[in-house]
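Examination of the molecular architecture
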Amino acid sequence: MYYKTGIQRTIENEFLASEKVVSFTGTVIPDGIEPDDQGRKIAHKGSLIAASGKVVSVSNSGEFSEQPVGVLMDALDVTYGPQPAGIAVEAYVIGARLSLGVEYNASIGKKIREALPEIKFRNDEPESEGSSKDSSEKDDSGGMQ
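1. As for the environment of aspartate 77
The topology assignment puts aspartate 77 in strand E5 (residues 76-77). A residue is classified by how much of its surface remains accessible, and aspartate 77, at 5% relative accessible area, is buried. Considering only alpha carbons, one finds aspartate 77 and arginine 40, 37 residues apart in sequence, at a separation of 6.8 Å. Within the local environment of aspartate 77, its side chain forms a polar contact with the side chain of threonine 79, the two groups lying 2.5 Å apart.

2. Notes on the packing of aromatic side chains
For any pair of aromatic rings, geometry is given as the distance between the ring centres together with the angle between the planes. Counted under the stated rule, the structure contains 1 aromatic pair. With a centroid separation of 6.1 Å and an interplanar angle of 20°, the aromatic rings of tyrosine 104 and phenylalanine 121 are classed as stacked. You can see tyrosine 104 sitting in the loop between strand E6 (83-94) and helix H1 (106-115) and its partner phenylalanine 121 sitting in strand E7 (residues 119-123), a full 17 residues away along the chain. Like tyrosine 104, the residue phenylalanine 121 is buried in the burial classification.

3. Observations regarding the environment of isoleucine 112
Tracing the chain through its elements places isoleucine 112 in helix H1. On a C-alpha basis, the gap between isoleucine 112 and glycine 70 in space is 9.8 Å, while along the polypeptide they are 42 residues apart. If we ignore the near neighbours within four places in the chain, the residues touching isoleucine 112 are Leu48, Phe64, Leu98, Leu100 and Phe121.

Parameters and conventions
- Residues numbered from 1 in each chain as written.
- Predicted model: local features only at pLDDT ≥ 70, side-chain atom pairs only at ≥ 80, totals over all residues.
- Heavy atoms only, no water.
- Helix = DSSP H or I, 4+ residues; strand = E, 2+ residues; numbered from the N terminus.
- Buried < 20%, exposed > 50% of the residue type's maximum accessible area, 1.4 Å probe, protein only.
- Polar contact = N/O pair within 3.5 Å; in protein donor to acceptor, adjacent residues only side chain to side chain.
- Phe/Tyr/Trp six-rings, centres within 6.5 Å; stacked < 30°, edge-to-face > 60°.
- Contact = heavy atoms within 4.5 Å.

Read these as geometric descriptors, not functional statements.
Quick look at the structure:
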């Protein structure tokens, strides 16, 4: 198996809501991944992964192309064939930051929770650009939000 190191990663949002994660090593295969403008096949961080090693595609209605078994921990270049990867099976995640190929919504989050019961959602609201609040901001009553 060809193992490539030192690849440039695309800038992707951190989808983990906690540092506590249980992950196992799995193999990600390039089947179904479209090449980018440089011809590289990149499996994006936060993608759902099936037992077969394929990246799971999600429809707008929340249907999966295959049953997912976990979430890909880091971006991975599979241009030259299958690659080993960390696949989270227990974690707290921010659903809107998962790399699903469709816009995240509560119904898709529900389908993911049904398929991956040990993946917990910390914030189940879709995010909008620039709307992230600093968690240390105080409200008018002087308490923490």
